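An overview of the molecular structure
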Amino acid sequence: MNAKKLRFIFLLTLISVLIFLAGEILLLFVFDNNSSAVSLGWLIAVVVVTVVISAWKCPRDYEDDDDSNEKE
């Protein structure tokens with residue numbers, strides 16, 4: 001795994017955690033919602049969006065794919 005992929009994954013994870021924490025703060029203090037079901041739903045939504053963005057935008061090395069096919 002090269003540095004570009006690691007940087008992308010690290011920054012995506014950091015941004016996701018910050019968005020999750022901001023959403024939790026909004027749920028608890030602004031909307032006065034102490035329901036654990038809403039927090040769980042928010043967590044699932046953030047994880048799903050993070051996985052989708054990671055699969056969609058992650059830098060790919062097409063040269064590595066060609067090398068793995070040649071070895072088989």
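Scroll up to find the structure.
I will try to describe carefully the structure that is included in this document. (Residues numbered from 1 in each chain as written. Predicted model: local features only at pLDDT ≥ 70, side-chain atom pairs only at ≥ 80, totals over all residues. Heavy atoms only, no water.)

1. Details of the overall build of the protein
Counting secondary structure elements, the protein contains three helices and zero strands. When its helices and strands are written in sequence order, the protein yields α-α-α. Counting only residues that meet the buried cut, the protein has 17% of its 72 residues in that class. Put simply, the protein shows about 5900 Å² of open surface, and 68% of that area lies on carbon and sulfur atoms. (Helix = DSSP H or I, 4+ residues; strand = E, 2+ residues; numbered from the N terminus. Buried < 20%, exposed > 50% of the residue type's maximum accessible area, 1.4 Å probe, protein only. Areas by Shrake-Rupley, 256 points an atom, 1.4 Å probe, with all protein chains shown as cover.)

2. Things to note about helix H2 (residues 36–57)
Residue pairs three or four apart in sequence face the same way in an α-helix, which turns once every 3.6 residues. Taking 1.5 Å of rise per residue, 22 residues should cover 32 Å, and H2 covers 31 Å from first to last C-alpha, within 8% of that figure. Inspection of H2 places Ser-39, Val-46 and Thr-50 among the buried residues, and these make up the whole buried set. For H2, the angular spread of buried residues about the axis comes to 35°, placing them on one side. With respect to the buried face of H2, the exposed residues turned more than 90 degrees away are Ala-37, Val-51 and Trp-56. (Expected span 1.5 Å × (residues − 1). Arc of directions from axis to C-beta.)

3. Considerations on the environment of Ile-19
Secondary-structure assignment places Ile-19 in helix H1 (residues 3–30). Each C-alpha atom of the pair Ile-19 and Val-46 lies 7.9 Å from the other, and the pair is 27 residues apart in sequence.

4. A word on H1
Taking 1.5 Å as the rise per residue, H1 with 28 residues should run 40 Å; its terminal C-alpha atoms sit 39 Å apart, in good agreement. Buried-residue contacts for H1 involve H2. In the segment just after H1, Asp-32 is the residue with positive phi, at about 50°. (Contact = heavy atoms within 4.5 Å.)

5. Side note on the side chain of Ser-16
Along the chain, Ser-16 turns up in helix H1. In this structure Ser-16 comes out as buried when scored by relative accessible area, which is 11%. In this structure the side chain of Ser-16 is engaged in a polar contact, spanning 2.8 Å, whose partner is the backbone oxygen of Leu-12. For Ser-16, the residues in contact, after removing those within four places along its chain, are Val-46 and Thr-50. (Polar contact = N/O pair within 3.5 Å; in protein donor to acceptor, adjacent residues only side chain to side chain.)

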